[in-house]
Each structure stands twice: as C-alpha cells, then as structure tokens.
Amino acid sequence: MNRQGSRAALSHGKKQSEVGTTIPFNPYAGNFMFQRRLILVALASLMASPAAYRCYDRLMTKAPPVDAAMAQEGKVLFDHEWTPNDPLAGGGDGLGPVFNANSCVACHRQGGGGGGGPRENNVHVFTVRPNVSEMAAGGKARQGVVHTQAVGPTFQESFGHVHPEMPIHVLPISVGPVFQPITFSGNSLPRGVDLSQRNTPALFGAGLIDAIPDSDIIANERAQRLKWGLATSQSKDLPVGRALRMADGRIGRFGWKAQTVRLADFVRAACANELGLGNPGQAQPQPLGFPSYQPRGLDLTDAQCDQLTQFIVSLPRPVERTPLDADLHRKARAGKSLFARIGCTHCHVADVGNVRGMYSDLLLHDMGQETEAGGNYTDQPLEEPAFKPGSGPFPAEWRTPPLWGVARSAPYMHDGRAVNLEHAISMHGGQGAKSAHNYASLPVDEQAQVIAFLMTLDTP
Amino acid sequence: MIRFDCQCGKTLKASPDLAGTVCSCPACGAYVAVPHPLSDDGDLRETAGAYALAAEQPVACVSDEPAFVPVSNPRAPFKRSALEVWWESQQNLTFVGGLSGILAVLTALGIALYPRLLQSGIDWPSGLFPALVWMGITAVVAGFGCKFLDAALDSALRGGGPEQSPFLEFDPGSALASFTKWALCFVAGPAFLVYEAIRFWIRCGDLSVVNATILLELTVPAIGYWLVGVLVLTQRPDLVVPSPWQVARCLRTLGVRAVPAGAAVTAAGFIHVWLAINAIILLHTSWLTGLLLLWVCWFSTWHCGAIAVRTLGSWTAPTSRLGLS
C-alpha cells in the first residue's frame, strides 16, 4: 500500500515535470529518427569504403594462371640454339651480329634448364663517364655490354671499343679457377671507365617474384627503416635497403641491381643483349666497333617473347629440402635459427608477401667498396629516364639475391667472385659486414650449421 | 535564469545548471560563486518549473560523476582576453625549453642505442641493461611533461587562469605517476589503433588517396580517444583507466566541437610526427642539426599539447564563463 502510494507519487511527479516542459507535437518525429539512422549508416559506409576498396583490390589482383601451351612453345625457344638468319627469327638477322651465347640454356643451365650459370658465361658490363672537357663538348655517359662473340670478325667487340686506352682484347678473358677483376697487364682501368662482370642467376621461382605486389617490397623498405631508427639506405653499416623506384613509380626487382620491374621486360632485354635477337621490347645492340650496322628487322615477335616469359613462369620454384640424415637435419635446423640470430635475415628475409622461403628483401643494399661496379645491363645511356631522377643504383648497391636454390648456383655474388658459400659470406662488406663478422666469430661447428642450412635451399 | 550580483556591482545572469559553480565575471574577471536558486533569493519563479525535481535532488548530485570541486579565486581583478588565455598556456617557457632539450638528447641517444642493441645480435643481454636504464630515465623526464599538461588541463577545468598544480617542483615520483596515467590512457584503446596504423603504413605501398584516408581514419580516433581519455581520468581520479562509456559520454558533452578539435589535433600530430621523422633522419648525417630540430619538435609538441588540453578542458569544465551574461 505504502509502496504503491510512493510509486503513484513518483509518476505524479513525472507528470508534473512533463507538464512543465511542453513538447510540441511533431508528426515527423519518427521520420526524423529514421533520417538520423540513415545518415549514420551512410557515414559509416563512407568511412568503411576506403578499407573495403583496398581489400577488394587486394583480393582481385591474382597472378594469371600459367598457359601450358605457351610455356611449351617457350621451352622450345629457350633451348633453341640460334644461328644467323635463323628460321625461327622471322625476317630478322637471327643470332647476333654480336652475342654472348647461342641459346638461353647455354648460360641458364645449372640444376636443369633455367638454372644459374658458371663463371665462363659471365657477361661483361661497362660504363664510361665523360671527363669534364668531354662533358663540355656534349659527351654523354655510355653503358652497355661487351659481347664475347660475333657472327664474323668485322663485328667482334673488344675492350678497345669501350675506351681507346684499353687494349684490343678479345673476350673471354681470365677464366681461371680464381676470380680476377678485369685489369690490363697490371694497369687499372682508364679514368671514367667501369668494367664489371655479371654471373648468371637461376630463374626458378622468377614467376613468383614477378607476381609480388610493389607494396610488399615497399613494406620491407619501411620495416627496415623503422627497425633501424629511421636510418636511410645511405647508411654504411646498418642493413637498411631501398626499393629501386622507376620513373613511373613502379618498383624494380629483377637483375643484380634490381633494375627491371617485369619479368616480361627482362626476357625482352635478355633476348636482345645475350643473343642479339631484336624484339618489340628492346632493339638488338649495335656492335661497338660497327655502329652503322642496320638490322634487317625484328628477330622475335611479342608473342614469342611472351612464350619465353610463360616458360620461365612455369618453372617450378626452388624447395627447402629436409635432409634424410637425422644428424644433418638437426644441424640444418640449428643453422636456420643461427642464420636469423647473426643477422642474415635482416636482408635475406624469408618471406616476402605471399612468397615463402625466398630469403631476400628484393632491396638494394650498400655492400661496401669492394663490391663497387656500375652498369645496368642495358644498352641505354646512363641518363636513361627509366629510374626516378637521382635514384638509379649506386656502384656499391646490390639487390639482395634470393637464396632459394643457393645450394646449386655456385659461383656466388654478382660476378661469381665467390667460389663457395663461406667465401660469399666473407665478402659481405658495407651493410652486410656486421652479420658477416657475426658469422666469422661463431665457433666452427656453428658455422657448419649455417652452411648446412644454406645447403638445404635446393633447386626443384 | 539565476540573477545575482558581482562584487564590482554588476548584476549577472546565469543558466540554472551553473548553480553552485564558480564563474568569472565578464565585466571584471573576478570569480563569483553562482548561488543556488533555492538557497538564495534568485529569481525563483522563473526557475521553479525546471527545479521542481531539483528540490528533491540537490544539484551537485544530479550527475553520478563526482562534481569537480570549484575553487574560487577572489583575486583575479582583470578581465582576461582570449590572447591572454592563450599566453597563459605558453608560460613557463624555460621549463618547457629545458624539458625539450633533455628529451631531444634522450631521443637522440635512444636512436643511437637502439640499432647497436639490435646489431649486437649474438650478445644481446649485454645491451639490455643500458636499454632499461634509458627507458626508465625517459619515462621520468617525459613524466614532467605530462605533469605540465596535467596542470594546464587542471587549470582549464577550474575555469582558466595560471596553472596551480606544482609541476615545476622536482618530484620524480609524481612525474612517473603522471606519465603512467598518460601511458595507461594510451594503452586502454588508442595503442591498438596506432599499432594498426603503423602496420597499415608499412604494408600500404606508396601513399595513394585511399591509403592516406585509411591512415587518417585510424589515427584521428586514436589521438582523439587518447586526449578525451586523459580528460575523463583527470575528472575522475578514482578510475585507473577511462572506460569506453565514459569516453563516449565525454565526447557527447563536446558535441560537434569535437570534430574541428580532432581535425586540428590530428593535423598538428601529423606535422610533429613528420618533423620528428626528419629530425631523426638528420641525426644520422648531421647530429647537431638533427638535435636542434628534435628540440624544436618537442618544444612545439608540449605547447600544442597544452593548447589542446586547455581547449578541451575549458569546453568540458563544470565551471565556465559560458552561459554568463
């Protein structure tokens, strides 16, 4: 009774206050609530749309499936031994006039077609920068490849063509068991000339590298900078790499200098530079000593280049083999964690995006003075507008090579100067010096574990 | 409306919900207690309707949050202009200058120390000790800055005027406590958003419009949540961390003003982060210039922070000049 009474009083009080504040009748009140909800929903979806758009974009960008028929055609072209006026070369002059080998597989052959190559097949790359007076006279920097072979002696290139002070030296030179940098009877190279070699890398897994989105490479770049206290890639000791940006903003990833973005583009460059097969993507090189040579036409069509690309994409990816021997297995496992602990994984990052077990960040790193070499393996002049202005690779900068398949790609480093893995590690200077030092200060059995791990990274 | 007289002789009017609080007189600037409509002989008839309920419940208990205890300051004879109010937040230049100097050096040390620590790979434990020492010292020094911001916020909540909390005192204990408060407010919500923002920035590719928008959508709530969280915690010292409900309620008090405030604070935040990044990069090549830029960055950060908390504080203060006429 009492309770009821107080409740009544309460409701009475409520009524009173409602009377006090007169709420005007609003026929649209319900409608207004609806409108407000609508606005909220619209606002929420507007907020969510950028993220949703990005998710959609990411989900939709998938690598196209391999076209087996095209890959088959590509294999034929890859293994084909080209001859001058080759019937496969359409209306062109076929092999040459200057070339480094007569088939792709002649160089890319270790561990099966598509593998790396020995040092005999190294490619000679040069850069010539004009001196001050030449520059004043309008001289431009030149770069290119000195080819080892030619269809006839008239076209044969030699170092003498690169610079008049260098001897008429017919390639190949010094392919002894020990790597020698190119010098001429003890003299160093003339000023402004840079001559270096490039060893043939394996192509297994190149299709996966091609499919990595630019943002995954930029992610490595940003993560490294953040990790090392925002140091820049100019750092001489911290392993901070940089993505090579093209003029159009895309990220380079192929080649020892990460100079090429797309696999398809590299294939076109390789056809022209190595075999002298001109194609719509890249003209064949003019012989250095015979600049007036007129090619008859293109040797390859776009379709043929695409077939070659499809063949490379269809190559199986390298594998991380589990050793059958239990003891070796244990050693390799210990080596894998040591590999991370001594700092190799700062650059040789195991996974990039969705690609597992590649052991590279695909970034350029300053590897110290010992490794310095210019030249970008194209026939373009140095002022070539391909790179974002001022961001072309420096002489000491090298792309971290993926270590997958490293068990079978000796010799190592960009010019094959290292005969084995220990040798390669000891040659890490600059940003790699600290982890190489860490490796050297490991006890012998732990060093062996690291090598045992690297030896599990095998070709398919 | 409540009518009452100031000591300068002017008759003031205040809305009834300011009853019991201290406001400053628009004419002379003095602090005046707004009388309670029922205990004083204000305009009872006008407020009777609205206060029929208040008669049963004293005003101070209407809100379930403990009301801020207003302190009257009878010796504030001059009316303060907006410029003055701003200048008050810029006081203590030597304090902030010195603090920023020490923090700049500590930042530079941290940046030099951190990569060394990482690179020593195999012998990591030997590097752990200097890292811990560095973290402890930095927390205390940053704590003095937090105390400075606390004082600014506190004075804003009291309705303006110079800081009254003793942030100039050398008291590492309370500095650490203040740092902990700010850090806890950061951990209880914004940390997650900031972590997501950094993760997104790392993976986003070069910043396109879409990417920049997503980044903005992560950072604006993070910074806003942090500041409002500190605001809540200052008004409710009984809490350890602000709960999302209290933050939401405080945001409702702020209303649409939260939007321009959030935009301004975020813009300032981005500018300072950008400045700091450049300063840190510069440290690697020319340490003196880098250090100088870091100092500028810290100096400006504390001042911008003070302006931000003062503004937010004055908007949510239970005691305010708003509503007086």
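Residues numbered from 1 in each chain as written. Chains lettered and ligands numbered in written order. Predicted model: local features only at pLDDT ≥ 70, side-chain atom pairs only at ≥ 80, totals over all residues. Heavy atoms only, no water.

Peer 1: I'm lost on the overall build of chain A in this one. Help?
Peer 2: Within chain A one finds 14 helices and eleven strands. Put simply, chain A has 460 residues, and 49% of those count as buried. Put simply, of all contacts in chain A between residues at least 6 apart along the chain, 69% involve residues at least 24 apart. Surface exposure of chain A reaches about 23,000 Å², of which carbon and sulfur atoms provide 59%. (Helix = DSSP H or I, 4+ residues; strand = E, 2+ residues; numbered from the N terminus. Buried < 20%, exposed > 50% of the residue type's maximum accessible area, 1.4 Å probe, protein only. Contact = heavy atoms within 4.5 Å. Areas by Shrake-Rupley, 256 points an atom, 1.4 Å probe, with all protein chains shown as cover.)

Peer 1: What's the story with the interface of chain B and chain A in this structure? I'm lost.
Peer 2: In this complex, chain B contributes 26 residues to the contact, which on the side of chain A involves 32 residues. Here chain B and chain A share an interface that buries about 2,600 Å² over both sides, 62% of which is from carbon and sulfur atoms. Here chain B and chain A share seven residue pairs in polar contact (both at pLDDT 80 or more) between them. Residue assignment for the side of chain B that touches chain A shows that the elements contributing at least two residues are α3 (93-119), α6 (190-203), α7 (209-235) and α9 (258-285) of chain B. Its residues assigned to classes, the side of chain B that touches chain A shows 16 nonpolar, six polar and four charged. (Buried area = accessible area lost by both parts, 1.4 Å probe. Polar contact = N/O pair within 3.5 Å; in protein donor to acceptor, adjacent residues only side chain to side chain. Nonpolar A, V, L, I, M, F, W, Y, C, P; charged D, E, K, R; others polar.)

Peer 1: Looking at this model, I keep getting lost on the packing of helix α3 (residues 68-79) of chain A against helix α10 (residues 302-314) of chain A. Mind explaining?
Peer 2: Packed helix pairs are characterised by how far apart their axes lie and by the angle those axes make with each other. Residues and elements named next belong to chain A. Running from amino to carboxyl end, α3 crosses α10 at an angle of 100°, the nearest separation of the two axes being 7 Å. Regarding the angle of α3 to α10, the classification is roughly perpendicular. Here Met 70, Ala 71, Glu 73, Gly 74, Lys 75, Leu 77 and Phe 78 of α3 come into contact with α10, specifically with Gln 304, Asp 306, Gln 307, Leu 308, Gln 310, Phe 311, Ile 312 and Ser 314. Of the residues in the contact of α3 with α10, the class split is seven nonpolar, five polar and three charged. (Axes fitted to C-alpha atoms, helices over the stretch in contact; angles between N-to-C directions. Parallel < 35°, antiparallel > 145°, perpendicular 65-115°, else oblique.)

Peer 1: Would you mind showing me how to read the packing of aromatic side chains here?
Peer 2: In this description, an aromatic ring pair is defined by two values, namely the gap between the centres and the angle between the planes. For the structure shown, the criterion picks out twelve aromatic pairs over all chains. For the pair A:Tyr359 and A:Phe453, a centre-to-centre distance of 5.6 Å together with 75° between the ring planes defines the contact as edge-to-face. Of this pair, A:Tyr359 sits in the loop between α11 (326-341) and β9 (364-366) while A:Phe453 sits in helix α14 (residues 444-454), and the two are 94 residues apart along the sequence. As far as burial versus exposure is concerned, A:Tyr359 and A:Phe453 are alike and both buried. Taken together, a centroid distance of 4.9 Å and an interplanar angle of 20° make the contact between B:Trp295 and B:Phe299 stacked. In this pair, B:Trp295 and B:Phe299 both sit in helix α10 (residues 287-316), four residues apart, roughly one turn of the helix. One residue, A:Lys257, lies across the ring of A:Trp398, its end atom 3.8 Å from the ring centre. (Phe/Tyr/Trp six-rings, centres within 6.5 Å; stacked < 30°, edge-to-face > 60°. Lys NZ or Arg CZ within 6 Å of the ring centre and 35° of its normal.)

Peer 1: For this particular structure, what's the right way to read the nonpolar core?
Peer 2: Across soluble globular proteins, nonpolar side chains have a tendency to be buried as a group. Membership of the largest hydrophobic core comes to 35 residues, with the highest contact counts inside it found for A:Phe78, A:Trp82, A:Ile212, A:Ile217, A:Leu308, A:Ile312 and A:Met358. The dominant element in this core, judged by the number of residues it contributes, is helix α9 (residues 263-275) of chain A, at five residues. Setting aside chain neighbours within four positions, we find A:Ile212 in contact with A:Ile217, A:Arg253, A:Val352, A:Val355, A:Met358 and A:Leu362. One finds B:Leu99, B:Phe148, B:Leu149 and B:Leu312 within the second-largest nonpolar core, a separate group that totals 33 residues. (Core = buried A, V, L, I, M, F, W, Y, C linked by side-chain atoms within 4.5 Å.)

Peer 1: Explain the environment of A:Val352 to me, please; I cannot follow it from the model alone.
Peer 2: Residue and element names in this part refer to chain A. Of note, Val 352 is situated in the loop between α11 and β9. On the accessibility criterion, Val 352 (1% relative accessible area) is buried. On a C-alpha basis, the gap between Val 352 and Ile 209 in space is 9.0 Å, while along the polypeptide they are 143 residues apart. If near-sequence neighbours (up to four positions away) are discounted, Val 352 is found in contact with Ile 212, Asp 216, Asn 220, Met 358, Ser 360 and Asp 361.

Peer 1: Would you mind showing me how to read the sheet that holds strand β5 (residues 193-198) of chain A here?
Peer 2: Sheet strands associate in pairs through backbone hydrogen bonding, adopting either a parallel or an antiparallel arrangement. Residue and element names in this part refer to chain A. One open sheet holds the three strands; their spatial order is β3-β2-β5, and the pairing between them is antiparallel. The open sheet terminates on both sides in strands that have one partner only, identified here as β3 (142-146) and β5. Put simply, the sheet's adjacent strands are angled 20° from each other on average, direction ignored. Pairing of strand β2 (residues 123-128) with β3, which is carried by five bridges, proceeds in the antiparallel orientation. (Pairing = 2+ DSSP bridges.)

Peer 1: Just to check I follow, could you spell out the packing of helix α8 (residues 214-227) of chain A against α6(B) for this structure?
Peer 2: Contact pair α8(A) / α6(B): the axes reach a minimum separation of 7 Å and the direction vectors enclose 125°. Taken together, the axes of α8(A) and α6(B) lie oblique to each other. Taken together, the residues of α6(B) that come into contact with α8(A) (itself represented by A:Ser215, A:Asp216, A:Ile218, A:Ala219, A:Arg222, A:Ala223 and A:Leu226) are B:Ile198, B:Trp201, B:Ile202 and B:Arg203. Within the contact of α8(A) with α6(B), the residues separate by chemical class into seven nonpolar, one polar and three charged.

Peer 1: So what exactly am I meant to see when it comes to the pairing of strand β2 (residues 11-14) of chain B here?
Peer 2: Along any regular strand the residues' side chains alternate between the sheet's two faces. Residue and element names in this part refer to chain B. Along β2, the buried face is formed by Leu 12 and Ala 14; none of Thr 11 and Lys 13, which line the opposite face, is buried. In this structure, strand β1 (residues 2-5) lies alongside β2, joined through four bridges in antiparallel fashion. Bridge assignment links Arg 3 to a residue of β2, and that residue is Lys 13.

Peer 1: What exactly am I supposed to notice about the pairing of β1(B) here?
Peer 2: The alternating pattern of β1(B) places B:Ile2 and B:Phe4 on a buried face and B:Arg3 and B:Asp5 on a face that is not buried. Counted between consecutive antiparallel strands, the loop separating β1(B) from β2(B) contains five residues, among which B:Gly9 sits at a positive phi close to 105°.

Peer 1: Explain α8(A) to me, please; I cannot follow it from the model alone.
Peer 2: Residues spaced three or four apart along an α-helix face the same direction, because each turn holds 3.6 residues. Residues and elements named next belong to chain A. The terminal C-alpha atoms of α8, which comprises 14 residues, lie 20 Å apart, in line with the 20 Å expected from a rise of 1.5 Å per residue. Every buried residue of α8 is accounted for by Ser 215, Asp 216, Ile 217, Ile 218, Ala 219, Asn 220, Glu 221, Arg 222 and Gln 224. With its phi angle positive at about 60°, Gly 229 sits one or two positions after the end of α8. (Expected span 1.5 Å × (residues − 1).)

Peer 1: Sorry if this is basic, but what is going on with the pattern of salt bridges here?
Peer 2: Two side chains that carry opposite charge are able to pair once their charged atoms sit near each other. Residues and elements named next belong to chain A. All chains considered together, the criterion is met by 21 salt bridges over all chains. A salt bridge links Asp 210 to Arg 262, with the shortest nitrogen-to-oxygen separation between them at 3.2 Å. Within this pair, whereas Asp 210 is found in helix α7 (residues 206-211), its partner Arg 262 is found in the loop between β7 (251-252) and α9, the two being separated by 52 residues in sequence. Since its relative accessible area comes to 18%, Asp 210 is described here as buried. Classification of Arg 262 as partly exposed rests on a relative accessible area of 28%. Ionic pairing is found between Arg 417 and Asp 415, a salt bridge with its closest N-O pair at 2.9 Å. (Salt bridge = Lys/Arg side-chain N within 4 Å of Asp/Glu carboxyl O.)

Peer 1: Sorry, what's going on with unusual backbone geometry here?
Peer 2: Leave glycine aside and you will find that most residues have negative phi; peptide bonds, for their part, are mostly trans. All names here are of chain A. In this structure, Pro 411 follows Ala 410 across a cis peptide bond, with omega equal to 0°. Within the secondary structure layout, Pro 411 lies in the loop between β10 (397-399) and α12 (421-426). Look at Leu 362: it is not a glycine, yet its phi comes out positive at around 60°. Along the chain, Leu 362 falls in the loop between α11 and β9. On the basis of relative accessible area, Leu 362 is assigned to the buried category, the value being 0%. For Met 413, which is not glycine, the phi torsion reads 75° and is therefore positive. Inspection of the secondary structure assignment puts Met 413 in the loop between β10 and α12. Overall, the relative accessible area of 16% leaves Met 413 in the buried class.

Peer 1: What's the story with a nonpolar patch on the surface in this structure? I'm lost.
Peer 2: Taken together, A:Tyr56, A:Leu59 and A:Met60 make up a surface patch of nonpolar side chains, about 370 Å² in accessible area. Relative to the elements of secondary structure, A:Leu59 occurs in helix α2 (residues 29-60). (Patch = residues over 30% accessible without salt bridge, like charges linked within 9 Å, V, L, I, M, F, W, Y side chains within 5 Å.)

Any link to function would need more than the numbers given here.
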